[in-house]
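# Observations on the model geometry
Single-letter residue listing:
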Amino acid sequence: MTTSNPLTELHEAAIALWKHQRQELERDAAKQAAERALDVLGDSAGPLADPQSWRGNDDGDATAVPTLDLDGNYRLEYDHTFDEQLWLRSGCPSCGRANCRVTPVGSLLELGQALDRLEGAWRRREAGEEVDTDDLPGACDDCDESNTPANRLHQAVLDVIEAAEEDEEEEAEEL
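A few points on the structure. The model shown is predicted, which means the values in this text are computed figures rather than measured ones. (Residues numbered from 1 in each chain as written. Predicted model: local features only at pLDDT ≥ 70, side-chain atom pairs only at ≥ 80, totals over all residues. Heavy atoms only, no water.)

### Quick word on the nonpolar core
Ranked by internal contacts, the top residues of the largest apolar core, which has 23 residues, are L41, L48, W54, L76, L86, L88 and L111. Looking at this core, the elements that each hand over two or more residues are α1 (6-41), β2 (62-64), β3 (75-79), β4 (85-90), β5 (100-105) and α2 (108-126). Among the elements that take part in this core, α1 stands out by supplying seven residues, more than any other. (Core = buried A, V, L, I, M, F, W, Y, C linked by side-chain atoms within 4.5 Å. Buried < 20%, exposed > 50% of the residue type's maximum accessible area, 1.4 Å probe, protein only. Helix = DSSP H or I, 4+ residues; strand = E, 2+ residues; numbered from the N terminus.)

This is how it looks when you write it as structure tokens:
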């Protein structure tokens, strides 16, 4: 005779409900990504206009299954938290990390420009030349170099805040 435990049943019901909800969230994310790809890329979206071409997650984001090149170096990502933008993912020619979020893509023209700049930077890096991060379409979100545009901007903001705090302290001392 099998006895059932109400807490075990609750546990199983909760997990089953979450798994079902997670699948719905993943499908919705893939559908939204495909719609956004069609909005941004128009008729050029090709297979990216099909939700089956996206792998959604339970956070509402999705990553394109097909890559934008034969080597698999460039891929699009849909992020629902940043104005439902498409992002270009690639290796970063500045720091060398693989699969970094590089830059948002708002049109086919922007995608072409970003790809051209990335490919040029990779050619320079492979030729042993230094890659000027200002020539990149954006700084990757994992870049550790302190001279990237994103890090320089962050440091400039911190410098302004620090200077404002010092000015406030000086004014307070004068009173």
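After presenting the structure, the write-up continues.
### Some points on the packing of aromatic side chains
Counted under the stated rule, the structure contains zero aromatic pairs. The ring of W87 carries the charged tip of R101 above its face, separated from the ring centre by 4.7 Å. (Phe/Tyr/Trp six-rings, centres within 6.5 Å; stacked < 30°, edge-to-face > 60°. Lys NZ or Arg CZ within 6 Å of the ring centre and 35° of its normal.)

### With respect to α1
Note: α-helices contain 3.6 residues per turn, so residues at a spacing of three or four share the same orientation. Here α1 contains 36 residues, and its C-alpha end-to-end distance of 52 Å stays within 8% of the 52 Å for a straight helix at 1.5 Å per residue. Of all the residues in α1, the buried ones are A29, A30, A33, A34, A37, V40 and L41. Taken together, the buried residues of α1 touch β1 (54-56), β2, β3, β4, β5 and α2. Count one or two residues on from α1 and you reach G42, which has phi positive near 60°. (Expected span 1.5 Å × (residues − 1). Contact = heavy atoms within 4.5 Å.)

### Let's talk about the pairing of β4
Most of β4 is tucked away, with five of its six residues classed as buried. As judged from the five bridges shared by β3 and β4, these two strands associate in the antiparallel manner. Following the sheet pairing, D79 is matched in β4 by Q85. Linking β3 back to β4 in an antiparallel pair, the connection comprises five residues, with D83 at a positive phi of about 55°. (Pairing = 2+ DSSP bridges.)

### Points about a negative patch on the surface
On the surface, a cluster of negative charge is contributed by D159, E162, E165, E166, D167, E168, E169, E170, E171, E173 and E174. As for its position among the elements, E169 is in helix α3 (residues 149-174). (Patch = residues over 30% accessible without salt bridge, like charges linked within 9 Å, V, L, I, M, F, W, Y side chains within 5 Å. Areas by Shrake-Rupley, 256 points an atom, 1.4 Å probe, with all protein chains shown as cover. Salt bridge = Lys/Arg side-chain N within 4 Å of Asp/Glu carboxyl O. Lys, Arg positive; Asp, Glu negative; His and termini not counted. Charge placed at Lys NZ, Arg CZ, Asp CG, Glu CD.)

### Observations concerning the side chain of S90
The topology assignment puts S90 in strand β4. The contacts of S90, once residues within four sequence positions are left out, are N73, Y74, R97, A98, N99, C100, V102, L118 and W122.

### Re the pairing of β3
Taking burial as the measure, the five residues of β3 include four buried ones, the bulk of the element. Note: β2 against β3, two bridges, orientation antiparallel. When the sheet's bridge partners are listed, A62 is paired in β3 with Y78.

### With respect to the sheet that holds β5
One open sheet accounts for five strands, arranged β1-β2-β3-β4-β5; its pairing is antiparallel. With one partner strand each, in any of the chains shown, β1 and β5 form the two edges of the open sheet. Taken pair by pair, the neighbouring strands of this sheet meet at an average axis angle of 30°, ignoring direction. Across three bridges, β1 lies against β2 in antiparallel orientation. The residue bridging R55 from the neighbouring strand is T63, located in β2. Against the sheet, α1 makes contact with β1, β2, β3, β4 and β5, and its axis sits at roughly 135° relative to β1, the strand it touches most. Sheet contacts for α2: β3, β4 and β5; angle to β4, the most-contacted strand, approximately 15°. (Axes fitted to C-alpha atoms, helices over the stretch in contact; angles between N-to-C directions.)

Purely geometric numbers; function is a separate question.
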